[in-house]
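# Analysis of the macromolecular model
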Amino acid sequence: MLFGADVFVFCFAWLTMAQLLAQEDKEKTTALKDLLSRIDLDELMKKDEPPLVFPKTLEEFEYAFNEHGQLRHTKTGEPFVFNHKEDLHRWNQKRYEALGEIITQHVYERLEQDCGLRRQTLPVDATEDEPKTFMYMSEDALSNPSRLLILIQGSGVVRAGQWARRLIINNDLDSGTQIPFITRAIEEGYGVVVLNPNDNFLEVEKAEEPGGGEAAPDGSDEPAEKRERKEERESKRRTDFYEKYRNPQKEKETDRIPIRGNSSPEEHTLYVWDHFISTSLAKNIFVVAHSYGGLSFLDLMIQREEEVKSRVRAVAMTDSVHNVWHQNANRSIQGWLKERCCNWVSSPEPLDTPVEPMLPDCLHLSAGTERHDLTSWRSFHSIFRFFSKHMEQDENDREVSTATPVSMRSSNRARHEDL
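Residues numbered from 1 in each chain as written. Predicted model: local features only at pLDDT ≥ 70, side-chain atom pairs only at ≥ 80, totals over all residues. Heavy atoms only, no water.

## Quick word on the sheet that holds strand E11 (residues 341-345)
Taking strand neighbours across the sheet as the criterion, the 8 strands line up as E3-E4-E6-E5-E9-E10-E11-E12 in an open arrangement whose pairing is mixed. Whereas interior strands pair on both sides, the edge strands pair on one side only; in this sheet they are strand E3 (118-122) and strand E12 (363-366). Ignoring strand direction, the axes of neighbouring strands in this sheet form an average angle of 20°. Sheet topology places strand E10 (residues 312-318) next to E11; 4 bridges connect them, and they run parallel. In the sheet register, Val315 faces E11, and the bridge partner there is Cys341. Across the sheet, helix H4 (residues 89-113) lies against E3 and strand E4 (133-137), angled at about 40° from E4, the strand it touches most. (Pairing = 2+ DSSP bridges. Helix = DSSP H or I, 4+ residues; strand = E, 2+ residues; numbered from the N terminus. Axes fitted to C-alpha atoms, helices over the stretch in contact; angles between N-to-C directions. Contact = heavy atoms within 4.5 Å.)

## Side note on the layout of surface pockets
Size it by volume and the largest pocket reaches roughly 1,100 Å³. As for the largest pocket, its lining consists of 30 residues, of which Glu97, Glu101, Arg159, Arg165 and Glu203 are closest to the centre. Ranked by the residues each element gives to the lining of the largest pocket, the list is headed by H4, at 8 residues. For the lining of the largest pocket, the class distribution of residues is 13 nonpolar, 5 polar and 12 charged. (1 Å grid on protein atoms, 1.4 Å probe; cavity = no way out; pocket = protein on both sides within 12 Å on 5 of 7 lines; lining within 4 Å. Points joined across faces, edges and corners; volume = space filled by probe spheres on them. Nonpolar A, V, L, I, M, F, W, Y, C, P; charged D, E, K, R; others polar.)

## Brief notes about the pattern of salt bridges
Enumeration over the complete set of coordinates arrives at 15 salt bridges. Among the salt bridges present, the one from Arg260 reaches Asp125, with a minimum N-O distance of 3.1 Å. Here Asp125 lies in the loop between E3 and E4 and Arg260 lies in the loop between strand E8 (254-258) and helix H9 (265-275), a separation of 135 residues in the sequence. Here the residues in one salt-bridge network are Asp125, Glu130 and Arg260, joined through shared partners. (Salt bridge = Lys/Arg side-chain N within 4 Å of Asp/Glu carboxyl O.)

## Focus on the packing of aromatic side chains
Applying the stated criterion across every chain, the model contains 18 aromatic pairs. An aromatic cluster of at least three residues, connected via ring pairs, comprises Trp163, Phe181, Tyr190, Phe286, Trp344, Trp377, Phe380, Phe384, Phe386 and Phe387. In this structure, Arg147 is placed above the aromatic ring of Tyr190, and the distance from its NZ or CZ to the ring centre is 5.0 Å. Above the plane of the ring of Phe380 lies Arg184, whose end atom (NZ or CZ) is 5.5 Å from the centre. (Phe/Tyr/Trp six-rings, centres within 6.5 Å; stacked < 30°, edge-to-face > 60°. Lys NZ or Arg CZ within 6 Å of the ring centre and 35° of its normal.)

## Considering helix H7 (residues 179-187)
Among the residues making up H7, those that are buried are Ile179, Pro180, Phe181, Ile182 and Ala185. Just downstream of H7, Gly189 is the residue with a positive phi angle, here 90°. (Buried < 20%, exposed > 50% of the residue type's maximum accessible area, 1.4 Å probe, protein only.)

## A few points about the environment of Phe201
Within the secondary structure layout, Phe201 lies in strand E7 (residues 201-205). For the pair Phe201 and Ile257, spaced 56 residues apart in the sequence, the C-alpha separation amounts to 5.3 Å. When sequence neighbours within four positions are dropped, the list of residues in contact with Phe201 reads Arg256, Ile257, Pro258, Ile259 and Ser263.

## Thoughts on unusual backbone geometry
In this structure, the amide linkage connecting Leu122 to the following residue, Pro123, adopts the cis form with an omega of -5°. On the secondary structure map, Pro123 appears in the loop between E3 and E4. One non-glycine residue with positive phi stands out, namely Asp319, at about 50°. Owing to a relative accessible area of 13%, Asp319 belongs among the buried residues under this scheme. You will see that Asn328, though not glycine, has its phi angle at about 60°, which is positive. With respect to the element layout, Asn328 can be found in the loop between E10 and helix H12 (331-340).

## Considering the pairing of E11
Of all 5 residues in E11, 5 are buried, a share of seventy percent or more. Burial along E11 is two-sided: Cys341, Asn343 and Val345 and Cys342 and Trp344, pointing in opposite directions, are all buried. The pairing of E11 with E12 spans 4 bridges and is parallel. Across the sheet, the residue bridging to Cys342 is Leu363, located in E12.

## Observations regarding empty space enclosed by the protein
Enumeration according to the criterion identifies 1 cavity of 30 Å³ or more in this entry. Estimated volume of the largest cavity: approximately 60 Å³. Lining the largest cavity are Ile150, Ile152, Leu195, Thr269, Trp273, Ile277, Val287, Phe297 and Leu300. Elements with a minimum of two residues in the lining of the largest cavity: strand E5 (147-152), H9 and helix H10 (292-303).

Next comes the structure, spelled out in structure tokens:
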């Protein structure tokens, strides 16, 4: 019996040690998994990436637009290459974004110099120190008595005058900018207003938070809230140290200060309507709205229904993301859209082929491309034909309406003579 007891004690001790070792191994495995989960090979390579400092002009980038509006390298003649440095995706992306900012300024210059548009600061009563944005207008935008064209782009990094930055860089200026629309509109006697719905904030560098020094020794008699704050500071210090190690080129943190009356695409569209478009003399207003621009226009229509219905003759949308149900458009608006709106959508079908929509809110036609960003450019000629058709139709309707009272009086006089 004594031998059996010794065996039992030995087995119990062995099992206990095994359990302890297993628990220790489990903790080590968990810690290792946690460590591996924090390791990003791409992030680790940032230690060797070049400084995030890029050229400030197209000339310094050694790129220029040729006679066809295509961006080409000034020495090799090759298109833009995204992977300038292999296996450094973040650096290449930052370089692409830096080039994109230069492209934005280049488009502004083209709008002013080639198209003759003028920049209008917003808000109209902005003080010197508050955040501002702007839009573009032709000189006759508010005084043209006949027709006015409004251009609203989609969401994202694109600014006034652009449909898609990627198209400008990889294709050409015609497909990626609104310049062809502006040029043709001016040739056909339109005034032009170019909205800038994505410039909604002023970004300023964040000030460093006070109290970032060493934490005092923890005291058991300290209030719980004070200990929690100290623990948060200590945790932040450790996180910052880790971030500094794995990401030596940590980007500066910024705060966003909203621009009064223009802090969102919808708010900007409403602001421009109230302060400019609604005061214009044009009897016929036409709108081209791409992607999120269609949603912004529908929001405007919901906010200013009677004004929009009385002034706007037709709306050309291109792959619009508006939704009459989600945006709670009433039946009157839905009926107006079916009569006055056409949406050229991405589709494999040939250009102008009717497309069955999921939501029958307006006429849907194929833009002749499956690429979302190309829908505006591919439907360019169709859009202006669509506008001309509505102009002619409205002129005919006005002629009929003015002639109708005369014909009715003649008919009444004839019936009176017969009697």
